[in-house]
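Per-entry structural report
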Amino acid sequence: MRGLAWKQHQSGGFESEVTRLIPSGNRFLKYYLCEAAFSLVRCDKEYSDFYRLKYKEVNRCQHKRALALTARKFVRLVFRLLKDNRLYCPAK
């Protein structure tokens with residue numbers, strides 16, 4: 001997986017739904033973030049539900065898109081936990 005965000009293709013009122021992931025950034029960090037997100041999908045109900053919701057939203061590249069969006073959500077969680085100096089406690 002090359003990125004965690006998509007390029008924008010738009011002109012006037014048109015916005016393309018089929019775009020590629022942005023290839024910039026540290027590919028190793030992105031790989032490990034996606035691996036961690038997939039582990040969360042397997043173990044945490046909230047992330048599993050989020051992944052399934054995003055998987056059903058599109059017809060092409062479903063797994064890649066859902067995993068990238070789940071990894072982005074995971075990054076926001078990690079940032080917030082580090083900022084507040086807290087431990088992660090999953091919702092039961």
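Attention here is on the structure that accompanies the text. Since the structure is predicted, the reported quantities are computational estimates derived from the model, not experimental observations.

1. A short note on the overall build of the chain
For the chain, the count of helices and strands is three helices and two strands. Along its sequence from the N terminus, the chain presents helices and strands in the succession β-β-α-α-α. Scored against the burial criterion, the 92 residues of the chain give a buried share of 28%. Here the analysis covers contacts within the chain between residues at least 6 apart in sequence; of these, 47% occur between residues at least 24 apart. Here the chain displays about 7200 Å² of accessible surface, and carbon together with sulfur accounts for 54% of that area.

2. Considering the nonpolar core
Ranked by size, the top nonpolar core spans seven residues in total: Cys-34, Ala-37, Val-41, Tyr-51, Ala-66, Leu-67 and Ala-71. Breaking this core down by element, the ones donating at least two residues are helix H1 (27–43) and helix H3 (62–84).

3. Re H1
Taking 1.5 Å as the rise per residue, H1 with 17 residues should run 24 Å; its terminal C-alpha atoms sit 24 Å apart, in good agreement. Taken together, the buried positions of H1 are Lys-30, Leu-33, Cys-34, Ala-37, Leu-40 and Val-41. Along H1, the residues classed as buried sweep out an arc of 115° about the axis, all on the same side. Structural note: H1 exposes Phe-28, Tyr-32, Arg-42 and Cys-43 on the side pointing more than 90 degrees away from its buried face. Contact partners of the buried residues in H1: helix H2 (45–57) and H3.

4. Brief notes about unusual backbone geometry
Within the chain, Cys-61 stands out as a residue other than glycine whose phi angle is a positive 50°. In this fold, Cys-61 is placed in the loop between H2 and H3.

5. Observations concerning the packing of aromatic side chains
All told, the structure shown has two aromatic pairs when counted by the stated rule. Their ring planes at 75° and their centres at 5.1 Å tell us that Tyr-31 and Tyr-32 sit as a pair that is edge-to-face. Aromatic pair Tyr-51 and Tyr-55: ring centres 5.9 Å apart, planes at 35°, arrangement tilted. Within this pair, Tyr-51 and its partner Tyr-55 are both found in helix H2, separated by four residues, close to a single helical turn. When its relative accessible area of 32% is taken as the criterion, Tyr-55 is described as partly exposed. Its guanidinium or amino end placed over the ring of Tyr-47, Lys-73 lies 5.2 Å from that ring's centre, counting from NZ or CZ. We note Lys-73 situated over the ring of Phe-50; from NZ or CZ to the ring centre the distance is 4.5 Å.

Rules used throughout
- Residues numbered from 1 in each chain as written.
- Predicted model: local features only at pLDDT ≥ 70, side-chain atom pairs only at ≥ 80, totals over all residues.
- Heavy atoms only, no water.
- Helix = DSSP H or I, 4+ residues; strand = E, 2+ residues; numbered from the N terminus.
- Buried < 20%, exposed > 50% of the residue type's maximum accessible area, 1.4 Å probe, protein only.
- Contact = heavy atoms within 4.5 Å.
- Areas by Shrake-Rupley, 256 points an atom, 1.4 Å probe, with all protein chains shown as cover.
- Core = buried A, V, L, I, M, F, W, Y, C linked by side-chain atoms within 4.5 Å.
- Expected span 1.5 Å × (residues − 1).
- Arc of directions from axis to C-beta.
- Phe/Tyr/Trp six-rings, centres within 6.5 Å; stacked < 30°, edge-to-face > 60°.
- Lys NZ or Arg CZ within 6 Å of the ring centre and 35° of its normal.

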